[in-house]
Structure formats: C-alpha cells, structure tokens
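Reading the structure
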Amino acid sequence: MKNITIANTGLTSSNIVMGCMRINSLSLSEIDGLVKTALDQGINFFDHADKYGGGASETLFSQAIGMNSRLREKMIIQSKCCIRQDFYDASKEYILEAVDGSLKRLQTDFLDILLLHRPDALIEPEEVAEAFEILHSSGKVKYFGVSNYNPMQIELLKKYVPFPLVINQLQYSVVHTPMIDEGMAANMAINQSIERTGHVLDYCRLNDITIQAWSPFQKGFFEGPFFMDPKYVTLNKALTDYGEKYNLHITGAAVAWITRHPANMQVILGTTKPERLIAACQGSDVPMTRQEWYGIYKAAGNMIP
Ligand SMILES: NC(=O)c1ccc[n+]([C@@H]2O[C@H](COP(=O)([O-])OP(=O)(O)OC[C@H]3O[C@@H](n4cnc5c(N)ncnc54)[C@H](OP(=O)(O)O)[C@@H]3O)[C@@H](O)[C@H]2O)c1
C-alpha cells in the first residue's frame, strides 16, 4: 500500500480510502470484517458523511468495530456535512450540529478531517469560518476541506476561513474525466474543451489540496460499475490486458489508472465485499507508462486531440 502525506496536515495516509457510504446495507459482523480487511490491506483512512444511510453508516461503523481508543488511533476519520433532505446547508448552526451528530454516532471525540459535502448556493463564508474556528478550538475537528467544489468556490471560502483547505473530494474515474479532458483540449473549439471544473485539477496541485476520487468504478451518476458493461468493451479489454501484465484484477487496474497521476490522488473505494476491496487495493502502487495511461484513457472513449 502506498502512503501519501496530506499537505498542510501531519497526516500520513494510505492512497486508498475505505468509503462508508454503502455499509448500512451490511450486518455488524460484515462491517467489522470489511474494516478489518481494509486495515489488513494497509488502509488507514475512512470516509463518512452525516448523510450516509441517514446517519446509520456512522453508527453501524462504530458499533461494528467496537470503537475504542486503540482502534481510533490507527484511523484517519473524515466526515462530511451540508447535504440535507432536498437542500444544501452550510450555515454555521448546521455545520456545528452535524459535527456533534457525527462524533456521537462514530463514538469519537474528534474528526481528523471535516469536508463540506457539496457547494451550498446560499453559502456565507463568514459563517463557515466561524463554525470551523469553534470546531477547531474545541478540538472536535483537526483539519478542513471540501467536496465537489470548483476553484472559485474554494477561493471564496479561503478569503474568510483561517485554516488551509486540505482535501477536495471529486468524482473521478477513467469513465468520468472532465478535469483531465478540458486541460488536454485547451485552446480548441470542441466539446472536450468546455471547462466543466474550472481547471480544478491544476488548481488543487497549485494549492496543495489533495484530491480524493469518489466513485472510481461508477459510470454516470451512480449508474453501476463499468466492468462487464457492453458500452465499455474496449476499456475493459485494455484494463484486463494491463492487469495481466502486473497480475492485477481489473478493479486493481482501474485503481492504478487513478493512482498513476502525479497529483497523488486518493481513491475512495465503495465496495462492501472484502474480496473486491483486496483486489482493488492491488492498484495502489503499480507502474504505468504514459503510453499505458493514455491508452486506457482512449479505450474509455476519450479523445486525445
Ligand atoms: N463526495 C461525494 O459527493 C461522494 C459521492 C459518492 C461517493 N462518495 C464516497 O466515495 C465512496 C465510493 O463511492 P461508490 O461506492 O460510488 O464507489 P465505487 O467503488 O465506484 O462503487 C461501488 C459499488 O459498485 C459495486 N460493484 C459492482 N461490481 C464491482 C466490482 N467488480 N468491483 C467493485 N465494486 C463493484 C459495489 O458493489 P459491492 O458492494 O457488491 O461490491 C458497490 O455497490 C463512497 O463510499 C463515499 O465514501 C462521495
């Protein structure tokens, strides 16, 4: 397992993260088994949100593993807030309430990292700053970040928030690449040149913000994994061929395509199956040439202008 340093924190983290969005479908013993498998693979980073399972994912996580200080110190725990039923809420009041709820459900005194889950159109960054200051000074949250934010939205927050924003969690996979596409087609008059992310990848690299790739295997917006999908025959063949070279399962190959990027991204796995988690972790630190990386990108149906 490759470890990375999360800039502007003292944290050394696995570049693979266990995502806890789907664990509320599991029994307590299955969750315990999945978390133990993750730890055995060298994963030390766990991604939560107050929203996952309506809070149940956080509760079940801590219950299943029997949260205690010995386990807690092995883990970097991140949670997110701001998505409410049918609206987004980055108000000071809600951020404070949400963190208290997550801490209680996770049976911990602090979050290593808190993310604002999605941009609230009505955000008042002064209020976010006040909430973050209270959370930091009370020891409830050590570091802060965002998710699904573009560069200007981060700049607006940075004007008021007196802490570095250390993470931007973004949808990214070989079948969801707007942050790569727009850069590669710069200065061309084609659809691929349309700026959909505001060059968030370069922005995060310039500002030492670690990108976390969510839904590394999903096509579209939660439309299921692209493996075995007839629309992605060429991609699946390219990943299988690459996997054969390095003795990787196709999921490990799809992870390796993400971890190959020099931005040192983290990959958040959403599987609920230990054997799939193990297979995907194999892609944490595998060589991939430029030719292989571009070949897989192209096999996903993308154009190299
Ligand atoms: N910030 C955000 O807005 C945001 C949004 C979404 C997710 N997230 C985070 O990202 C994490 C990952 O998201 P995700 O769950 O959508 O990611 P994913 O790993 O791309 O998808 C996992 C899903 O694909 C299924 N799957 C089917 N075949 C598979 C195979 N061969 N290998 C692996 N999985 C297969 C899994 O089923 P099985 O369980 O049966 O393996 C599971 O339902 C979440 O847990 C959450 O922490 C963040």
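Look up: the structure comes first, before these words.
Summarised in this report is the structure supplied together with it. (Residues numbered from 1 in each chain as written. Predicted model: local features only at pLDDT ≥ 70, side-chain atom pairs only at ≥ 80, totals over all residues. Heavy atoms only, no water.)

**Quick word on the layout of surface pockets**
Space inside the largest pocket adds up to approximately 820 Å³. No other element matches helix α11 (residues 274–281), which puts three residues into the lining of the largest pocket. Here the residues of the lining of the largest pocket are counted per class, giving 15 nonpolar, 13 polar and eight charged. Of the volumes computed, that of the second largest pocket is approximately 350 Å³. Along the walls of the second largest pocket sit 15 residues, with Ile180, Leu201, His261, Trp293 and Tyr294 positioned nearest its centre. With five residues, the single largest contributor to the lining of the second largest pocket is helix α7 (residues 178–184). (1 Å grid on protein atoms, 1.4 Å probe; cavity = no way out; pocket = protein on both sides within 12 Å on 5 of 7 lines; lining within 4 Å. Points joined across faces, edges and corners; volume = space filled by probe spheres on them. Helix = DSSP H or I, 4+ residues; strand = E, 2+ residues; numbered from the N terminus. Nonpolar A, V, L, I, M, F, W, Y, C, P; charged D, E, K, R; others polar.)

**Quick word on the sheet that holds strand β11 (residues 210–214)**
Around the barrel, eight strands lie side by side as β3-β4-β5-β8-β9-β10-β11-β12; this closed barrel has parallel pairing. Strand after strand, the sheet turns through a mean of 30° between neighbouring axes, direction not considered. Judged from the three bridges that link them, strand β4 (residues 45–47) and strand β5 (residues 76–81) form a sheet pairing that is parallel. If you follow Phe46 over to β5, its bridge partner there is Ile77. (Pairing = 2+ DSSP bridges. Axes fitted to C-alpha atoms, helices over the stretch in contact; angles between N-to-C directions.)

**What about the pairing of strand β3 (residues 16–19)?**
Residues of β3 alternate between two faces, with Ile16 and Met18 on one and Val17 and Gly19 on the opposite face, all of them buried. Of the strand pairs in this sheet, β3 and strand β12 (residues 266–269) are connected by three bridges, and their pairing is parallel. Its bridge partner being in β12, Met18 is matched across the sheet by Leu269. Running through helix α1 (residues 28–41), the crossover from β3 to the neighbouring parallel element β4 is right-handed. (Buried < 20%, exposed > 50% of the residue type's maximum accessible area, 1.4 Å probe, protein only. Right-handed = clockwise from strand over helix to strand, strands pointing away.)

**Remarks on the packing of helix α4 (residues 92–106) against helix α5 (residues 125–137)**
Between two packed helices, the angle of one axis relative to the other and the distance separating the axes together describe the packing. For the pair α4 and α5, interaxial distance at closest approach is 8 Å and the crossing angle is 30°. Taken together, the axis directions place α4 and α5 in an arrangement best described as roughly parallel. Considering only the axes of α4 and α5, their crossing is right-handed. Packed against α4, whose contacting residues are Lys92, Ile95, Leu96 and Val99, the element α5 presents Glu127, Val128, Glu130, Ala131, Phe132, Ile134 and Leu135 at the interface. Grouping the amino acids of the contact of α4 with α5 by side-chain chemistry returns eight nonpolar, no polar and three charged. (Parallel < 35°, antiparallel > 145°, perpendicular 65-115°, else oblique. Left-handed = near helix turned anticlockwise from the far one by under 90°. Contact = heavy atoms within 4.5 Å.)

**Concerning the nonpolar core**
Phe61, Leu114, Leu116, Phe132 and Phe226 are the most contacted members of the largest nonpolar core, which totals 90 residues. Sequence-distant contacts of Leu114, that is, excluding residues within four places in its chain, are made with Ser79, Lys80, Cys81, Ile95, Val99, Phe132, Leu135, Val141, Tyr143, Phe144 and Gly145. Among the nonpolar cores identified, the runner-up in size contains twelve residues, and Phe45, Ile76, Val166 and Trp214 belong to it. (Core = buried A, V, L, I, M, F, W, Y, C linked by side-chain atoms within 4.5 Å.)

**Let's talk about the site of the ligand**
In the vicinity of the ligand there are 27 residues, among which Arg22, Asp47, Ser215, Thr271 and Thr272 approach most closely. The contact in question runs from an oxygen atom of the ligand to an N or O atom on the side chain of Lys273, over 2.6 Å. Relative to its free-state accessible area of 910 Å², the ligand is covered by the protein chains to the extent of 90%. Classifying every residue of the shell around the ligand gives eleven nonpolar, eleven polar and five charged. (Near = heavy atom within 4 Å. Polar contact = N/O pair within 3.5 Å; in protein donor to acceptor, adjacent residues only side chain to side chain. Areas by Shrake-Rupley, 256 points an atom, 1.4 Å probe, with all protein chains shown as cover.)

**A few points about unusual backbone geometry**
Backbone geometry at Gln107 places phi at a positive 55°, although glycine is not the residue there. A relative accessible area of 45% places Gln107 in the partly exposed class. Phi at Ser215 is positive, roughly 50°, even though this residue is not glycine. The residue Ser215 is located in the loop between β11 and α9 (233–246) in this model.

**Some thoughts on the packing of aromatic side chains**
By the definition in use, this model includes 15 aromatic pairs. Summarising the aromatic geometry, the rings of Phe226 and Tyr232 are spaced 6.1 Å apart at their centres and angled 65° between planes, so their arrangement reads as edge-to-face. For the pair shown, Phe226 and Tyr232 are each scored as buried. Put simply, the rings of Tyr172, Trp257, Trp293, Tyr294 and Tyr297 pair up and form one aromatic cluster. Taking NZ or CZ as reference, Arg72 lies 4.1 Å from the ring centre of Phe110, over its face. Over the aromatic face of Phe110 sits the side chain of Lys142, whose NZ or CZ is 4.4 Å from the ring centroid. (Phe/Tyr/Trp six-rings, centres within 6.5 Å; stacked < 30°, edge-to-face > 60°. Lys NZ or Arg CZ within 6 Å of the ring centre and 35° of its normal.)

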